Amino acid sequence: MASLFLLNLSIARNFGAISSGNFFFQINTLSLIVILTSLSLESGITYFLSRDEIPQSAMLNFSLAWSMSISLIASIVLISFPHDNTNGSSGWSDFLTDFIFLFGNLLILFSTAILNARKDFITSNASSLILTLFLCFAIWSWKFSNWMNLDFSRFRFLYFLSIPLQGLWIHFYLMRKMPYRTERIFPTLNAIRKLFRFGLFALASNLIFFLVYRIDYWFVARFCNESELGTYIQVSKVGQFAVLIPSLMASVIFPATAREKGAGMIPNIAKFTRATMGIMSILALTLLIIGNKIFPWLLGNDFPGLYHALIFLLPGIVALGTLYPITAYYAGRHEFKKNREALLVSLSIIIIGDLLFVPVYGIRGAAGVSSLGYICYCFLMIRNFCKDSGMPMHELLKWNVQEWMNIMKSMSHKSRKDDGTHRP
């Protein structure tokens, strides 16, 4: 988490609002393509491997084949559309960057799903940390000594190249853990059908969630200038970094729920929900108090209006972070309908609100509308969970310090245990 924040900070501070904004906006668009081409198969991979229904070595081979083939097809399709060559790139360069971004992210996505099913939550994060720190080193080395001669276009290519390197590293690490077996190179057709069926059920929810989280980028790009777009993306990224801790909790809850029988997970989900609510509230209050001073110091003066937009977004970020354990619980139980319905309500609010308020109030309007959408999503999902579990809402959200401390100690103990088991 700290390394990703450092990389974002390095990009924003050294390349400014306009260049960094256009860069992250491109990544946002390609990330949407990743979701579409993945078909959310990573959800099925974790689910079926956690239940030992598909051989891990066969799934590893399938992941590489799918990542390679679908990325090639998608890159060919993308290059056929008109490109805005603001970076002076050629068609071949655009094709190459699209392919390596898609291939690398899909491979990371599927390989990490296999690792999660193996209860290995260290390896993927460790590889990401190494490459992220290298990119940070490259930026600041160029800034102070210029020995790498790293202008923005070269950094952009270096960033894209690091993605498939990470994916391939994780893939070969898993190959070492799972020796080649001649009896089953790929999953059976029946297993693949089950995998695609599970993934397609999850795809709608994942796609709608992505749009709930990121569709405001396109509205800001349409109605605001490039500097405001870069500023708003930084506001959004502050929120994204804030929910990393709940998302890490969710990566533990999902495979555990897939293995759990009955209602045994419900008390633990309630505890995790209260813990994330407390963590997010404390973090939001801290940002509210020190944000006006710390963000200009960290990012420079090229991002005007960031703090005031963040004030509007913070309530929604708290709500979104609080919800991660509950959404992971429903995903582990293969129950996507309620999540989709809540997300659709939230997405409708955001689209209508952005159309009405972004042209008038700019990035503050986008932040306020997104915050309202996140809060509505959180309320609907908590109501669903309380109804299904029979737990009153006030009991679910009744938070106490001692319970939170016990959860943190439990997670720390589990992390040390897994670290000793799965370290490469």
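Just so it is clear, the structure is predicted and the values come from calculations on it, not from any experiment.

The rules we used
- Residues numbered from 1 in each chain as written.
- Predicted model: local features only at pLDDT ≥ 70, side-chain atom pairs only at ≥ 80, totals over all residues.
- Heavy atoms only, no water.
- Helix = DSSP H or I, 4+ residues; strand = E, 2+ residues; numbered from the N terminus.
- Buried < 20%, exposed > 50% of the residue type's maximum accessible area, 1.4 Å probe, protein only.
- Contact = heavy atoms within 4.5 Å.
- Areas by Shrake-Rupley, 256 points an atom, 1.4 Å probe, with all protein chains shown as cover.
- Phe/Tyr/Trp six-rings, centres within 6.5 Å; stacked < 30°, edge-to-face > 60°.
- Lys NZ or Arg CZ within 6 Å of the ring centre and 35° of its normal.
- Patch = residues over 30% accessible without salt bridge, like charges linked within 9 Å, V, L, I, M, F, W, Y side chains within 5 Å.
- Salt bridge = Lys/Arg side-chain N within 4 Å of Asp/Glu carboxyl O.
- pLDDT = per-residue confidence, 0-100.
- Axes fitted to C-alpha atoms, helices over the stretch in contact; angles between N-to-C directions.
- Parallel < 35°, antiparallel > 145°, perpendicular 65-115°, else oblique.
- Left-handed = near helix turned anticlockwise from the far one by under 90°.
- Nonpolar A, V, L, I, M, F, W, Y, C, P; charged D, E, K, R; others polar.

1. Some thoughts on the overall build of the protein chain
Along the protein chain, the regular secondary structure elements total 14 helices and zero strands. The order of α-helices and β-strands along the protein chain, N terminus first, is α-α-α-α-α-α-α-α-α-α-α-α-α-α. Scored against the burial criterion, the 424 residues of the protein chain give a buried share of 53%. Taking contacts inside the protein chain between residues at least 6 apart in sequence as the whole, the part at least 24 apart equals 85%. Surface summary for the protein chain: the accessible area is close to 19,500 Å², and the carbon and sulfur share equals 65%.

2. So, the packing of aromatic side chains
Tallying each qualifying case throughout the model produces 22 aromatic pairs. When the ring of Phe25 is compared with that of Trp218, the centres are 6.2 Å apart and the planes differ by 65°; the resulting orientation is edge-to-face. Here the residue Phe25 occupies a position in helix H1 (residues 2-38), and Trp218 occupies one in helix H7 (residues 189-223), the gap between them amounting to 193 residues. What makes Trp218 partly exposed here is its relative accessible area of 26%. In this structure an aromatic cluster arises from ring pairing among Phe15, Phe23, Phe24, Phe101, Phe155, Tyr159 and Phe160. Here the guanidinium or amino end of Lys237 rests over the ring plane of Phe24, the centre of that ring lying 4.4 Å away.

3. Details of the environment of Leu7
Inspection of the secondary structure assignment puts Leu7 in helix H1. With sequence-adjacent residues up to four places away left out, Leu7 is seen in contact with Thr132, Leu135, Cys136, Ile139, Phe155 and Tyr159.

4. What to know about a nonpolar patch on the surface
Together, Leu285, Leu288, Ile289, Ile290, Ile311 and Phe312 give the surface a local cluster of nonpolar side chains, amounting to about 540 Å² of exposed area. Counting residues per element, the ones that place at least two in the nonpolar patch are helix H10 (266-299) and helix H11 (306-332). Examining the composition of the nonpolar patch, we find that four residues originate from one element, H10, more than from any other.

5. Describing unusual backbone geometry
Outside of glycine, negative phi angles account for most residues, and trans bonds account for most peptide bonds. In this model, Leu39 sits at a positive phi of 55°, which is unusual for a non-glycine residue. Among the secondary structure elements, Leu39 is positioned in the loop between H1 and helix H2 (41-50). Phi at Ser40 takes a positive value of approximately 55°, unusual for a residue other than glycine. With a relative accessible area of 1%, Ser40 lands in the buried category.

6. Thoughts on the confidence of the model for the protein chain
Mean pLDDT over the protein chain: 82, with 83% of residues reaching 70 or higher. The low-confidence segment residues 414-424 (pLDDT under 50) makes 16 contacts with residues lying over four places distant or belonging to another chain.

7. Things to note about the packing of helix H8 (residues 226-242) against H10
With their axes 12 Å apart at the nearest point, H8 and H10 run at an angle of 140° to one another. With respect to each other, H8 and H10 are oriented oblique. Classified by chirality, the crossing of H10 by H8 is right-handed. For the pair H8 and H10, the contacting residues are Gln234, Val238 and Ala242 in the first and Met280, Leu283, Leu287, Phe295 and Leu299 in the second. Residues belonging to the contact of H8 with H10 are distributed by class as follows: seven nonpolar, one polar and no charged.

8. Describing the pattern of salt bridges
Evaluation of the coordinates by the stated rule reveals two salt bridges. Here Glu53 makes a salt bridge to Lys194, at a shortest N to O gap of 3.0 Å. Remark: Lys194 occurs in helix H7 and Glu53 occurs in the loop between H2 and helix H3 (56-79); sequence separation between them is 141 residues. Owing to a relative accessible area of 35%, Glu53 belongs among the partly exposed residues under this scheme. In this structure, Asp388 engages Lys338 in a salt bridge whose closest nitrogen and oxygen atoms are separated by 2.6 Å.

9. Some thoughts on the environment of Phe152
With respect to the helices and strands, the residue Phe152 is situated in helix H6 (residues 152-177). Residue Phe152 is classed as buried on the basis of its relative accessible area, which comes to 17%. Sequence spacing of Phe152 and Ile11 is 141 residues, and the spatial spacing of their C-alpha atoms is 9.3 Å. Apart from the residues within four sequence positions on either side, Phe152 is in contact with Phe15, Ser19 and Phe23.

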